[in-house]
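# Examination of the molecular architecture
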Amino acid sequence: MAALVLPAGILVVLLLVAPMLLLFRISLNLFSPTEMMVEATTAANYLQAVRDPYYRQVLFTTLAVATGSTLLTLGLGFPAAYWLARMQGRAKSIFTILVMFPLLVGNVVRAAGWLALLGNGGAINAALLGLGLIVAPLPLLYNAGAVVAGIVAVVLPYMILTLSAVIEGIPRQAEEAASNLGAAPMTVFRRVVLPLALPGVVAGSVLVFVLCMNTYASAVLLGGPQFKMMAPAVYDQFVRGNNWPFGAALAFILLAFTLVLTVVGSAVLGRRYRR
């Protein structure tokens, strides 16, 4: 068994662990405008990121957008996942493919579609202007709402597929028994379906939250230059500012917050499931 796992373990070390260790070492160096990077062993970059109000605000914005997007995705995805899980026959295969189809399109292409939909000359504003409901285009782009919409469109299939796989394992007889005993539909959902589907809620929420925390294309294209999240901030430091040590520090701060919040959230939901 160990021999079968060894190749995958070596691949993970080479492609994930080793680059992360190198990036961490870079984060401990110092930035020099002339030499770009001076070898050192200091936490100055981390302290600078924590003390700077600008990057604290960027981190707070990232957390708020990721949390809101995850909750919205869960709210939209659960009914669709339940409906998909209870389907039978060929129709289920067709709708499963339709759910997966957006995953075949790149994030940049999908963000460009939102630009065509939400822009001042986009489909929504054009329709509202044509109907005479507004006299000037609505500012639908370059704000948090546009970013959340773009992110949810990207991660919603992951939530639906994860929840659907778990809901399929819930016996339909359990819901029918609760209904026969006089439980209302919402009571059946709250007391039967939701507790049994909680492992899927945890898995789907963790996956979606991680993706939301690290979103780039939606934040840049739909949020505009004034809307800052952590992933674009890391990119700016590496590519535009050539400040690799500080960019690496920001990347590890993003990683740390993502891991901590993911572990804490999973533990809280898991404890509730066990109860």
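Every chain's residues receive numbers from 1 upward, in the order its sequence appears when written. Thresholds applied to this predicted model are a pLDDT of at least 70 for local features of residues and 80 or more for the giving and counting of side-chain atom pairs; totals over whole chains, interfaces and linings are not thresholded and use all residues. Side-chain calculation: all heavy atoms of the structure are included, whereas hydrogens and water are not.

## Some details on the nonpolar core
Counting 58 residues, the largest nonpolar core has V65, F78, V147, L163, I167, M230 and L250 as the members making the most contacts within it. Helical segments are the DSSP runs of H or I of at least four residues, strand segments are the runs of E of at least two, and each set is numbered from the N terminus. Elements with a minimum of two residues in this core: α2 (44-51), α3 (53-85), α7 (144-167), α9 (185-213), α10 (217-223), α11 (230-240) and α12 (244-274). When residues no more than four places from it in sequence are discounted, the contact partners of L250 are A49, Y55, M230, A233, V234 and Q237. The set of buried Ala, Val, Leu, Ile, Met, Phe, Trp, Tyr and Cys residues whose side-chain atoms join them within 4.5 Å is what this entry labels a nonpolar core. With a 1.4 Å probe rolled over the protein chains alone, any residue whose accessible area is under 20% of its type maximum counts as buried; one over 50% counts as exposed, and the rest are partly exposed. Residue contacts follow a heavy-atom distance rule, with two residues in contact if any of their heavy atoms lie within 4.5 Å.

## A closer look at the pattern of salt bridges
Put simply, a salt bridge is a Lys or Arg side-chain nitrogen that is within 4 Å of an Asp or Glu carboxyl oxygen. All told, the structure shown has five salt bridges when counted by the stated rule. Between D236 and K228 there is a salt bridge, with the nearest N and O atoms lying 3.2 Å from each other. Classification of K228 by relative accessible area gives partly exposed; the value is 23%.

## Side note on a nonpolar patch on the surface
On the surface, a cluster of nonpolar side chains totalling about 520 Å² of accessible area is made up of L6, I10, L11, L14 and L15. With respect to the helices and strands, the residue L11 is situated in helix α1 (residues 2-27). Surface patches are drawn from residues lacking salt bridges whose relative accessible area is over 30%; two like charges belong together within 9 Å, two nonpolar side chains (Val, Leu, Ile, Met, Phe, Trp, Tyr) within 5 Å. Working definition of accessibility: Shrake-Rupley area with a 1.4 Å probe, residue cover restricted to the visible protein chains.

## Considerations on the UniProt feature "domain: ABC transmembrane type-1" (unreviewed entry) in the chain
UniProt feature "domain: ABC transmembrane type-1" (unreviewed entry): in the numbering of this structure it lies at residues 59-265. Secondary structure content for residues 59-265 is 77% helix and 0% strand, while the C-alpha to C-alpha distance between its ends is 18 Å. UniProt positions are given in the numbering used here, feature names are shortened, and annotations may be inferred rather than shown by experiment.

## Focus on α3
Side chains that are three or four residues apart share a direction in an α-helix, a result of its 3.6 residues per turn. One less than the number of residues in a helix, times 1.5 Å, gives the span that helix is expected to have. Between its terminal C-alpha atoms α3 stretches 46 Å, which fits the 48 Å expected from 33 residues at 1.5 Å a residue. In the structure, α3 departs most strongly from a straight axis at G77, where the bend amounts to approximately 30 degrees and where the proline P79 lies between one and four residues downstream. Pairing of N or O atoms within 3.5 Å defines a polar contact, subject to two protein rules: one partner must be a possible hydrogen donor and the other a possible acceptor, and residues neighboring in sequence count only if both atoms are side-chain atoms. Measuring from the backbone nitrogen of Y54 back to the side-chain oxygen at the start of α3 gives 2.9 Å, which picks out D52 as the cap. Bend angle per residue: angle between axes fitted to the 7 residues ending at that residue and the 7 residues starting there.

## Some thoughts on the UniProt feature "transmembrane region" (unreviewed entry) in the chain
If you check UniProt for "transmembrane region" (unreviewed entry), the listed places come out as residues 6-28, 58-82, 124-142, 148-171, 192-224 and 244-269 in our numbering. Overall, residues 148-171 shows 83% helix and 0% strand. The separation of its end C-alpha atoms is 34 Å. Between the C-alpha atoms that bound residues 192-224 the distance is 44 Å, and the span itself is 88% helix and 0% strand.

## A closer look at the packing of α3 against helix α4 (residues 90-100)
Lines are fitted to the C-alpha atoms to define the axes, a helix being fitted only along its stretch in contact, and any angle between axes, read from their N-to-C directions, falls within 0 to 180 degrees. At their nearest, the axes of α3 and α4 sit 10 Å apart, and the two run at 150 degrees to each other. The orientation of α3 with respect to α4, classified from their angle, is roughly antiparallel. On α4, the residues that touch W83, L84 and A85 of α3 are K92, F95, T96 and V99. Any residue that is not Ala, Val, Leu, Ile, Met, Phe, Trp, Tyr, Cys, Pro, Asp, Glu, Lys or Arg is counted as polar, Gly included; the first ten are nonpolar and the last four charged. A per-class count over the contact of α3 with α4 returns five nonpolar, one polar and one charged. Should an angle lie under 35 degrees it is considered roughly parallel, over 145 roughly antiparallel, and from 65 to 115 roughly perpendicular; all remaining angles are considered oblique.

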